[in-house]
Amino acid sequence: MKSRFAQRNYRIAAVAAGVILLMVVFLATPQGRAATQTLLGYFRPAESDALPKPVATGEPGIQPTPTTISAADCGSFGSPLCTLDEVQERVDYPVKQIALGQGLTFRGAYVQDGMVVLHYDPGVVLTQEPVNEASEIPWEVGASAQVEEVQIGPARGEYVRGVWQADADDPLAEWQNEGLQTLVWAKEGIRFRLLVFGNSAEKEQMLAWAAGLTVVEMASAPDLSYIREIGAAEALVGYSIHPLNPVPDGYIFTHASIQAETKSVCLHYMYTRNDGPGPYLLLAQGPADQTPALVQTQGAQNGALTPVTVGGAEQAFALQPFDWARESEWACTSADTESNYDQAYLTLTWQVEGQQYDLYSSAIGSKCLMAEALSDLDRLRLAEGVTGVSTHAGDEFDPACTMDMAQLSDYLDYSIQSPGWLPDGLALRGASGWGESRSAMLYYGYPGDIHAALTLLQEPIADADGTNLLELVEARMATPEGEAIPADGYELVEINGSEGILMLGAWVSEEDGTVRWYQSPGFIPTLYWQKDGLLVTVGGPWSLEDGDEVRSNLLKIAVSMR
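Quantities reported herein were computed from a predicted structural model and do not represent experimental measurements. (Residues numbered from 1 in each chain as written. Predicted model: local features only at pLDDT ≥ 70, side-chain atom pairs only at ≥ 80, totals over all residues. Heavy atoms only, no water.)

Concerning the overall build of the protein chain
Looking only at helices and strands, the protein chain features eight helices and 30 strands. Taking the intrachain contacts of the protein chain between residues at least 6 apart in sequence as the baseline, contacts between residues at least 24 apart amount to 61%. (Helix = DSSP H or I, 4+ residues; strand = E, 2+ residues; numbered from the N terminus. Contact = heavy atoms within 4.5 Å.)

Set out below in structure tokens:
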């Protein structure tokens, strides 16, 4: 079941992805560069803080469409897949890198048209390219941006904080004086740009990194943290490595890493999408007798080890995400499972013929909501693809995400209802059912989008005739004890002669443990009503900023339910 606050968090995360995409597009296209100079000439303030949104290979959007990213071609600007050695071999100038051991982890490199892009976690990007007519064109920043001249060793540079930001359907990008820090300088004929997302580092740290860049030296020994070929990793550990087979749709293998002390291997897979790095899927394996024990993570709620059936496995357990980890260093632990974009969580573990296998995923959520997510059954099938012994049929019913409404109705023991009217473009992309609560969620999306835009939840009410609708809503919204939903926080509406409630806000928890009522123009309203003994909830993709349209569309959907 998906709470309204969870839906709001999802929208915020999607907007953040859009910000990163706009940054990449503005840096990579002529439209994102200006024609005159100020200060040292690295930046040029625009005439205002709003500009037409640039277009690269298609209009950038909040809901990205999967694209093919090739490891052989070093991936893309947002998804770098090459090693330092590989990019050095592709340019004719000495590549510089940030000296590690300063709180940074190298994540990958990309090269195109002589420009090298190095990504570090958490949230740091270094670009470099020869000074030429194209690289000397200043980048356009907002009129309110504060461009500051700085000293980087013997070189002078410029620093600015801010980023162009826009929603998917907004033709204008607006300048925000936060979200990205950019430092630009030139030295020995090379133009450098250091980008820091959010507060991963402050200006002083950026200046220190810039002043301490070191030349990449071609490795004389293999880099155990980034091995491109599985065969090369096998030669180093001395046993056969079993990759995912098949690799889930949308994911690609990027590299392997080795934890030398335990001779364990982590295979890294990434979901390819056009707004930058996607979620990760990690497969760890190594000798079972050298595998650290499982321990509960701090704050784990249930910590249950659920026995599951994986073909050929001597023992196998499904793990609640966020609750379990290995107690010491092993494959896919520590830096392997964390990045500025995602953290991968241990979800399945099994043993076969003396080898331990762990499966990590950073796409935690409904498979029908997010194309990159995996269901429990999907994970079991992945494990069986590794072992080579299948016990779960390909056509086995999966209540976590199905298009078979009749079978889902049988599973939940009531008829699933669906709307007879939907706005143009929206179509069913699947439904989820939960046996314990007997609730069902239907997901609707637009063509080409990998994430659902509209959700419709229905669940049986134990005593439908004797239950107050507002009390039902308050219970599902986790209204704090003793608190009342503000009078302007909801609107009573009529749906086919019955009462409905349009929620215009939600309760949110602060870091200090207090709870407050959240309501803003960007909030996505939710409509609740009762029908045939069910509590029905529909929300998205419209916000309060859409005015009467959001109310009209939600009511049309509710009235058309059959």
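There is more to say after this.
A look at the sheet that holds strand 29 (residues 526-531)
What the seven strands build is an open sheet, ordered 22-23-24-30-29-26-25; its pairing is antiparallel. Of all strands in the sheet, those bounded by a partner on one side alone are strand 22 (427-434) and strand 25 (490-495). Going across the sheet, the axis of each strand differs from the next one's by a mean of 20°, ignoring polarity. By the bridge criterion, four bridges tie strand 26 (residues 498-503) to strand 29 in an arrangement that is antiparallel. Within strand 29, the residue paired with Leu-502 across the bridge is Leu-527. With respect to the sheet, helix 6 (residues 405-412) is in contact with strand 22 and strand 23 (439-445), its orientation differing from that of strand 22 by roughly 20°. (Pairing = 2+ DSSP bridges. Axes fitted to C-alpha atoms, helices over the stretch in contact; angles between N-to-C directions.)

Considering helix 3 (residues 203-211)
Helical geometry: 3.6 residues make up each α-helical turn, so side chains three or four residues apart lie on a common side. Every buried residue of helix 3 is accounted for by Lys-203, Met-206, Leu-207, Trp-209 and Ala-210. An end-on view of helix 3 places all buried positions within 160° of arc, on one side of the element. In helix 3, the exposed positions angled more than 90 degrees off the buried face are occupied by Glu-204 and Ala-211. On the buried face of helix 3, the contacting elements are strand 6 (124-130), strand 8 (148-152), strand 9 (155-165), strand 10 (172-187) and strand 11 (190-197). (Buried < 20%, exposed > 50% of the residue type's maximum accessible area, 1.4 Å probe, protein only. Arc of directions from axis to C-beta.)

So, the sheet that holds strand 20 (residues 345-352)
Spatial ordering of the open sheet is given by 13-14-15-21-20-18-17, a layout of seven strands whose pairing is antiparallel. What marks the edges here is a single partner per strand, and that holds for strand 13 (251-259) and strand 17 (305-307). Within the sheet, the average angular offset between the axes of one strand and its neighbour, ignoring direction, is 20°. By the bridge criterion, four bridges tie strand 18 (residues 315-319) to strand 20 in an arrangement that is antiparallel. In the strand pairing of strand 20, Phe-317 is matched with Thr-349. Sitting on the sheet, helix 4 (residues 230-237) is in contact with strand 13 and strand 14 (264-271), with an inclination near 15° to strand 13.

Considering the pairing of strand 29
Of all the six residues making up strand 29, five are buried; the element is thus mostly covered by neighbouring parts of the structure. Linking strand 29 back to strand 30 (residues 534-539) in an antiparallel pair, the connection comprises two residues, with Asp-532 at a positive phi of about 50°.

Re the state of the cysteines
Summed over all chains, the structure comprises three disulfides. At a sulfur-sulfur separation of 2.0 Å, the disulfide partner of Cys-266 is Cys-332. Taking the sign of the S-S torsion, 100° for the link of Cys-266 and Cys-332, the bridge is right-handed. With Cys-266 in strand 14 and Cys-332 in the loop between strand 19 (324-326) and strand 20, this pair connects stretches of sequence that are 66 residues apart. The buried category is assigned to Cys-332, whose relative accessible area is 0%. (Disulfide = S-S within 2.5 Å.)

Section: the environment of Asp-289
With respect to the element layout, Asp-289 can be found in the loop between strand 15 (280-287) and strand 16 (294-296). Spatially, the C-alpha atoms of Asp-289 and Gln-355 are 8.2 Å apart, while their sequence positions differ by 66 residues.

Some thoughts on helix 4
Ile-230, Ala-233 and Val-237 are the residues of helix 4 that are buried. One side of helix 4 holds all its buried residues, which, seen down the axis, span an arc of 60°. Against strand 13 and strand 14 lie the buried residues of helix 4. Phi turns positive one or two residues past the end of helix 4, at Gly-238, with a value near 80°.

Overview of the packing of aromatic side chains
The full count for this structure, using the stated rule, is ten aromatic pairs. The interplanar angle of 65° and the centroid separation of 5.6 Å between the aromatic rings of Phe-253 and Tyr-269 together place this pair among those described as edge-to-face. Here Phe-253 is found in strand 13, whereas its partner Tyr-269 is found in strand 14, with 16 residues between them in sequence. Arranged with centres 4.5 Å apart and planes meeting at 70°, the rings of Phe-322 and Tyr-345 form a pair that is edge-to-face. (Phe/Tyr/Trp six-rings, centres within 6.5 Å; stacked < 30°, edge-to-face > 60°.)

Quick word on the environment of Arg-438
Topologically, Arg-438 is positioned in the loop between strand 22 and strand 23. Residue Arg-438 is classed as partly exposed on the basis of its relative accessible area of 31%. When the C-alpha atoms of Arg-438 and Tyr-414 are compared, they prove to be 8.7 Å apart, with 24 residues separating the residues in sequence. Apart from the residues within four sequence positions on either side, Arg-438 is in contact with Leu-412, Asp-413, Tyr-414, Gln-458, Glu-459 and Pro-460. From its side chain, Arg-438 meets the backbone oxygen of Asp-413 in a polar contact 3.2 Å long. (Polar contact = N/O pair within 3.5 Å; in protein donor to acceptor, adjacent residues only side chain to side chain.)

As far as function goes, none of this settles anything; it's purely spatial.
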